[in-house]
Amino acid sequence: MHLYPVNIYLVLFLKCALVVGVEGHTKIPVGAIFYENEKEIELSFDQAFREVNNLKFSDLQFVTIKRYMPTNDSFLLQRITCELISNGVAAIFGPSSKAASDIVAQIANTTGIPHIEYDWKLEATRQEHLNNQMTVNVAPALSALSRAYYDIIKTNYEWRTFTLIYETPEGLARLQDLMNIHALNTDYLKLRNLADYAEDYRVLWKEADETFHEHHIILDCEPKSLRELLKISVDFKLQGPFRHWFLTHLDTHSSGLKDIYNEDFKANITSVRMKIVDPNPYERKKTRLTQVDQILGSQMMLPILIYDAVVLFANSARNVIAALEQFYPPNSHCGQGYGSPWIMGAHIVQEMKTISEDDVEPHFKTENMKIDEFGQRTHFNLEIYKPTVNEPLMVWTPDNGIKVRRLNPELESSAATPDFSIQRKVFTVVTHHEEPYFMMKQDHENFRGQEKYEGYAVDLIRKLSELMEFDYEFMIVNGNGKYNPETKQWDGVIRKLIDHHAQIGVSDLTITQLRRSAVDFTVPFMQLGISILHYKSPPEQKNPFAFLEPFAPQVWIYMIFAQLVMTLAFVLIARLSYREWMPPNPAIVDPDELENIWNVNNSCWLMVGSIMQQGCDILPRGPHMRILTGMWWFFALMMLSTYTANLAAFLTSNKWQSTINSLQDLIEQDEVKFGSMRGGSTSLFFSESNDTDYQRAWNQMKGFNPSGFTSTNKEGVARVRKEKGNYAFLMETTSMTYNIERNCDLRQIGGQIGEKHYGLAVPLGADYRTNLSVSILQLSEKGELYKLKNKWWKNHNVTCESFHEVDGDELSIIELGGVFLVLAGGVLTGVILGIFEFLWNVQNVAVEERVTPWQALKAELIFALQFWVRKKPMRISSSSSSGGDKSSRRSSASRRSSNSKKTRSKTIS
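The structure presented is a predicted model; accordingly, all values stated were derived computationally and were not measured. (Residues numbered from 1 in each chain as written. Predicted model: local features only at pLDDT ≥ 70, side-chain atom pairs only at ≥ 80, totals over all residues. Heavy atoms only, no water.)

1. Description of the sheet that holds strand β27 (residues 673-675)
Turning to step 1, where the next piece is worked out: Strands sit in the order β27-β28-β24-β29 across an open sheet of four strands; the sheet is mixed. Looking at which strands have only one partner, the edges of the open sheet turn out to be β27 and β29 (746-758). Each neighbouring strand pair of the sheet contributes to a mean axis angle of 15°, computed without reference to strand direction.
Turning to step 2, where the next piece is worked out: For strand β24 (residues 526-535) and β29, the ladder comprises eight bridges, and the chain directions are antiparallel. Pairing of Tyr535 across the sheet is with Leu746, part of β29. (Pairing = 2+ DSSP bridges. Helix = DSSP H or I, 4+ residues; strand = E, 2+ residues; numbered from the N terminus. Axes fitted to C-alpha atoms, helices over the stretch in contact; angles between N-to-C directions.)

2. Re the nonpolar core
Turning to step 1, where the next piece is worked out: Grouped together as the largest cluster of nonpolar side chains are 96 residues, with contacts concentrated most on Phe93, Tyr149 and Phe313.
Turning to step 2, where the next piece is worked out: The residues that make up this core include at least three from each of domain 1 (26-139 + 297-374) and domain 2 (142-284 + 387-404).
Turning to step 3, where the next piece is worked out: Contacts of Phe313, omitting those with residues within four sequence positions, involve Val30, Phe62, Ala90, Ala91, Phe93, Ile116, Ile348 and Met352.
Turning to step 4, where the next piece is worked out: Grouped together as the second largest cluster of nonpolar side chains are 34 residues, Leu464, Ile504, Leu772 and Trp792 included. (Core = buried A, V, L, I, M, F, W, Y, C linked by side-chain atoms within 4.5 Å. Buried < 20%, exposed > 50% of the residue type's maximum accessible area, 1.4 Å probe, protein only. Domains from an automatic or database assignment. Contact = heavy atoms within 4.5 Å.)

3. Considering the sheet that holds strand β4 (residues 115-117)
Turning to step 1, where the next piece is worked out: Spatial strand order, β2-β1-β3-β4-β5-β12-β11: seven strands in an open sheet with mixed pairing. Whereas interior strands pair on both sides, the edge strands pair on one side only; in this sheet they are β2 (60-69) and β11 (370-371).
Turning to step 2, where the next piece is worked out: The pairing of strand β5 (residues 135-140) with strand β12 (residues 376-379) spans two bridges and is parallel. Across the sheet, Pro140 pairs through a bridge with Arg377, a residue of β12.
Turning to step 3, where the next piece is worked out: In the packing of helix α3 (residues 74-86) onto the sheet, contacts are made with β1 (26-35), β2 and β3 (92-93), and the angle to β2 comes to roughly 160°.

4. Looking at the side chain of Thr682
Turning to step 1, where the next piece is worked out: With respect to the helices and strands, Thr682 occurs in helix α22 (residues 681-688).
Turning to step 2, where the next piece is worked out: Take Thr682: its relative accessible area is 7%, and that puts it in the buried class.
Turning to step 3, where the next piece is worked out: Within polar-contact distance, the side chain of Thr682 engages the side chain of Lys756 at 3.4 Å.
Turning to step 4, where the next piece is worked out: In contact with Thr682, other than residues within four places in its own chain, are Ile530, Ser676, Leu730, Met731, Glu732 and Lys756. (Polar contact = N/O pair within 3.5 Å; in protein donor to acceptor, adjacent residues only side chain to side chain.)

5. Details of helix α25 (residues 733-742)
Turning to step 1, where the next piece is worked out: The set of residues buried in α25 consists of Thr733, Thr734, Ser735, Met736, Tyr738 and Asn739.
Turning to step 2, where the next piece is worked out: On the buried face of α25, the contacting elements are β17 (439-440), β24, α24 (713-723), β28 (727-732), β29 and α27 (784-793).

6. Overview of the packing of aromatic side chains
Turning to step 1, where the next piece is worked out: This structure, assessed with the given rule, holds 42 aromatic pairs.
Turning to step 2, where the next piece is worked out: Ring pairing ties together the aromatic residues Phe34, Phe45, Phe49, Phe62, Tyr68, Phe93 and Phe313, which thus form one cluster.
Turning to step 3, where the next piece is worked out: A cation over an aromatic ring shows up here: Arg174 above the ring of Trp120, its NZ or CZ 3.9 Å from the ring centre.
Turning to step 4, where the next piece is worked out: The ring centre of Phe447 lies 4.3 Å from the NZ or CZ of Lys441, which sits over that ring. (Phe/Tyr/Trp six-rings, centres within 6.5 Å; stacked < 30°, edge-to-face > 60°. Lys NZ or Arg CZ within 6 Å of the ring centre and 35° of its normal.)

7. Quick notes on empty space enclosed by the protein
Turning to step 1, where the next piece is worked out: Inspection of every chain in the model, using the stated rule, returns four cavities of 30 Å³ or more.
Turning to step 2, where the next piece is worked out: Considering only enclosed or pocket space, the largest cavity measures out at about 100 Å³ in volume.
Turning to step 3, where the next piece is worked out: Around the largest cavity sit Asn480, Asp508, Thr510, Arg515, Met677, Gly680, Ser681, Thr682, Asn713, Met731 and Glu732, which together line it.
Turning to step 4, where the next piece is worked out: Contributions of two or more residues to the lining of the largest cavity are made by α22 and β28.
Turning to step 5, where the next piece is worked out: For the lining of the largest cavity, the residue count by class is two nonpolar, six polar and three charged.
Turning to step 6, where the next piece is worked out: In this structure, the lining of the largest cavity is formed jointly by two domains, domain 3 (426-525) and domain 5 (663-764 + 782-793), each of which donates at least three residues.
Turning to step 7, where the next piece is worked out: What lines the second largest cavity is His215, His216, Phe242, His244, His500, Gln503, Pro763, Leu764, Gly765, Ala766, Asp767 and Tyr768.
Turning to step 8, where the next piece is worked out: When grouped by side-chain class, the residues that make up the lining of the second largest cavity number five nonpolar, six polar and one charged. (1 Å grid on protein atoms, 1.4 Å probe; cavity = no way out; pocket = protein on both sides within 12 Å on 5 of 7 lines; lining within 4 Å. Points joined across faces, edges and corners; volume = space filled by probe spheres on them. Nonpolar A, V, L, I, M, F, W, Y, C, P; charged D, E, K, R; others polar.)

8. Side note on the environment of Ala208
Turning to step 1, where the next piece is worked out: With respect to the helices and strands, the residue Ala208 is situated in helix α8 (residues 201-211).
Turning to step 2, where the next piece is worked out: For the pair formed by Ala208 and Arg192, sequence separation is 16 residues and the distance between their alpha carbons is 9.9 Å.
Turning to step 3, where the next piece is worked out: In contact with Ala208, not counting residues within four places along its chain, are His213, Glu214 and Leu238.

9. Observations regarding the side chain of Lys756
Turning to step 1, where the next piece is worked out: Mapped onto the secondary structure, Lys756 falls in strand β29.
Turning to step 2, where the next piece is worked out: In this structure Lys756 touches Thr510, Met526, Gln527, Leu528, Gly529, Ile530, Ser681, Thr682 and Glu732, once residues within four positions along its chain are discounted.

10. Notes on the state of the cysteines
Turning to step 1, where the next piece is worked out: For the structure on display, the rule yields one disulfide.
Turning to step 2, where the next piece is worked out: At a sulfur-sulfur separation of 2.3 Å, the disulfide partner of Cys82 is Cys334. Sign of the S-S torsion, about -95° for the bond between Cys82 and Cys334, identifies this disulfide as left-handed. Separated by 252 residues along the polypeptide, Cys82 in helix α3 and Cys334 in the loop between α12 (301-324) and α13 (343-354) bring together distant segments of the chain. (Disulfide = S-S within 2.5 Å.)

11. Comments concerning the pattern of salt bridges
Turning to step 1, where the next piece is worked out: In the structure shown here, the tally under the stated rule is 26 salt bridges.
Turning to step 2, where the next piece is worked out: For Arg424, the salt bridge is made with Asp471, and the minimal N-O distance between the two is 3.0 Å. Here the residue Arg424 occupies a position in the loop between α14 (409-414) and β16 (426-431), and Asp471 occupies one in strand β19 (residues 471-476), the gap between them amounting to 47 residues.
Turning to step 3, where the next piece is worked out: Relative accessible area serves as the criterion here: at 35%, Asp471 is assigned to the partly exposed category.
Turning to step 4, where the next piece is worked out: Here Glu668 makes a salt bridge to Arg696, at a shortest N to O gap of 3.3 Å. Taken as a pair, Glu668 in helix α21 (residues 663-668) and Arg696 in helix α23 (residues 692-703) lie far apart in primary sequence, 28 residues in all.
Turning to step 5, where the next piece is worked out: The exposure class of Glu668 is partly exposed, given its relative accessible area of 49%.
Turning to step 6, where the next piece is worked out: One salt-bridge network, in which partners are shared between bridges, spans Glu42, Asp46 and Lys66. (Salt bridge = Lys/Arg side-chain N within 4 Å of Asp/Glu carboxyl O.)

12. Some points on the pairing of strand β15 (residues 401-404)
Turning to step 1, where the next piece is worked out: Relative to β15, strand β14 (residues 391-397) is paired through four bridges, and the arrangement is antiparallel. Looking at β15, one finds that Trp396 is bridged to Ile402.
Turning to step 2, where the next piece is worked out: Where β14 folds back onto β15 in an antiparallel hairpin, the turn is made up of three residues.

13. So, the environment of Leu191
Turning to step 1, where the next piece is worked out: By the element assignment, Leu191 lies in strand β7 (residues 189-193).
Turning to step 2, where the next piece is worked out: Residue Leu191 is classed as partly exposed on the basis of its relative accessible area, which comes to 28%.
Turning to step 3, where the next piece is worked out: Sequence spacing of Leu191 and Ile218 is 27 residues, and the spatial spacing of their C-alpha atoms is 9.7 Å.
Turning to step 4, where the next piece is worked out: If we skip the residues at most four places from it in the chain, Leu191 touches Leu164, Tyr166, Leu172 and Met179.

14. Comments concerning the packing of α8 against helix α9 (residues 223-234)
Turning to step 1, where the next piece is worked out: One way to put it is that α8 packs onto α9 with a least axis distance of 9 Å and a crossing angle of 50°. In terms of orientation, α8 and α9 fall into the oblique class. As for how α8 packs across α9, the hand of that crossing is right-handed. In this structure, α8 contributes Tyr201, Arg202 and Trp205 to the contact, and α9 contributes Glu228, Leu229, Ile232 and Ser233. (Parallel < 35°, antiparallel > 145°, perpendicular 65-115°, else oblique. Left-handed = near helix turned anticlockwise from the far one by under 90°.)

15. Here's the deal with the packing of helix α2 (residues 39-53) against α12
Relative orientation and spacing of two packed helices are given, respectively, by the angle between their axes and the distance between those axes.
Turning to step 1, where the next piece is worked out: At their nearest, the axes of α2 and α12 sit 8 Å apart, and the two run at 30° to each other. On the basis of the axis angle, α2 is roughly parallel to α12. Every pair of crossing elements has a handedness; the one defined by α2 and α12 is right-handed. On α12, the residues that touch Glu40, Ile41, Ser44, Phe45, Ala48, Phe49, Glu51 and Val52 of α2 are Leu302, Pro303, Ile304, Ile306, Tyr307, Val310 and Ala314.
Turning to step 2, where the next piece is worked out: When grouped by side-chain class, the residues that make up the contact of α2 with α12 number twelve nonpolar, one polar and two charged.

16. Brief notes about unusual backbone geometry
Turning to step 1, where the next piece is worked out: For the bond running from Glu435 to Pro436, omega is -5°, close enough to zero to count as cis.
Turning to step 2, where the next piece is worked out: Relative to the elements of secondary structure, Pro436 occurs in the loop between β16 and β17.
Turning to step 3, where the next piece is worked out: Positive phi outside glycine occurs at His500, with the angle close to 60°.
Turning to step 4, where the next piece is worked out: Following the sequence through the fold, His500 ends up in the loop between α16 (492-498) and β22 (504-505).

See the structure below:
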């Protein structure tokens, strides 16, 4: 009982002795709690205070009081904390996250002693923040770290599908923002806990490969578990090329992955760690590294963070003591009531939240140290690197995002481990047989490997491989890929890309929104649209005697027969009519004989002139003859009008024209059926369009029986040719142009409908998509894509006959050739008859004028060629112009006239 006051005075004396040293330095005790296996953290803690004490901080000297926890015992932790506070410590460091209780933070909050943490802790609630006001944590806040991972995965890596695998609740908290990318849509994001596969991790990797077909894996686990997990994943080809891993633990580099790294690890493995301050290039380097130097140089998170925690507290305490000009040691204890809180503790904690990293000495090991109002570190920089070869890649900062880090030349030259992930890759290119994109060579039996294929896609992939320096092999499937809305599954090229069985899909693959939800596309390598493929009927053989076709052959026969009958009837009736007998010379009042002009020649001339609508210079006089003539004129008028109308209709309707010239014409008629490839992008365009005409076309296509849809474009083209005008096929203009170039009986109807593009398809989030797009743009700028299209679309071996399509009012020379032939025949007949008449006249002249036939022919021919002479002499066969000759000529003419009169008299009698 009497010793109790003595003990109190003894404790007070010891506190004062600790505050004021022998040499007058102010000594500040600080406490730390470690677990028994945290030797590296303890050494870093001691090194930090050693460097701090070597500086002149207003004559401050920090004295460390360390306590150790053998096990995770909350009662023991409370007792150790109270012991440290009883020793007058100005701050308590730790313990690490192994502690299951926050009793240290609560006691520090009550006593006003700053509590500094350096390890991850789950986010505190609002009430917990009130109970931990004296706690500052220099480890990155899990929420801020989660946002950093979100930026890396979503913005930089552009992963759209991935599998999240975590081991601890803290690991799940680090991934919480990543889970919001697709709101836990199982089609894009899969979440797995390692604890569920603790018995056999092979089940996990088998599910990731065979069920998920996963190529993007985000793994958060302790470094000690990482080596075993990755070694097992090799057996399931998860470390093969085109696989991507992102390891989120900040101590991944300490897991020893370099020890197991070999040629089996061709996956792209990246991780993050705290970005340490770059060393001063002008600072003298140590020739001998101590154990502490090696620990801090290894960039292990906890030793570095406790170093920064010490620097942060020491500089904050120095600033507060300098401002107050005196150090007031704490006088707190864990007894009843705890006593009053240490007044300087709150100032030190506030200073730790506001101090600038430029004002601390020594400098922090990590970059960008900022503490928020709740004592959480929300600002920090992360280094993205490859843990297999320890190669820094980029740096993430909360303000500027991700920037590529320039590698130190010394580090670059010292990197002796080869990076197997960047070696030349072999791409599997999935495609299908479709002309002219992918075809077998005609003599493919003589080739092996990729050499037996040819086509636009083959040449395109070859040129891309030369630019990007990769190898490739083809995988052949059936079709581009159709979506089944019932099973919600794809087939064809799209299926292989979704399952990551192939890395590139190339064919006539149209970029659509539905396909983009399953795969990614590069920039387009070809622009196209939709149009109508139809059969081009060859024009009918044109008939040069088409002018005869308006009437049937029987009509023409009846017309000729009618003309002959009318001619004979006219002659007969005219001879019976006294009105048609007229004197030969109208000047003679009482002639001896009468003359009837309606002989066979004149009657036939009247019939022909009437039907040709040309009339005649002689007309009948008798009423019955005029009635007969009028009826013939009526018949001629009707026949001529009917012929003209039929000829015009026949010739214009026989022109080579199609009545379907657009999609509007196609949907307005019901004779020609039409369709497209079932499940293709063309069908999708019409089914999802809001345009009225396109919807009408889609509804008609669905209603045709038999169906208007085909399984392939090749089948559609064959159906157009087979049905010869009764079927039209809606297809993409590129394939249509190719088929029209090679088939003369095909043609395009109307213009282009819509605008579409072909692109290379790759799995979602493929990192090589950008390089493919850049290479395609380079080929386009060099004109290589244009050359490829000309090579495979223009067919120089097929020459189609060019048919001239004419307007409806235009007639060709072939159709009117018969008219010209009739004209030529008539002219030739007239010329021949004229020649015969000329020769007959020459013979008569020779007889009458008593000259030789040759002299008469010569004289008559010379006179006929003298076009300027308009009067013909009575005698032209002789050069003599004597009167005897003239009288002889006149006598000859009189004799012919006398003979003619005698003939007429005999006829009348």
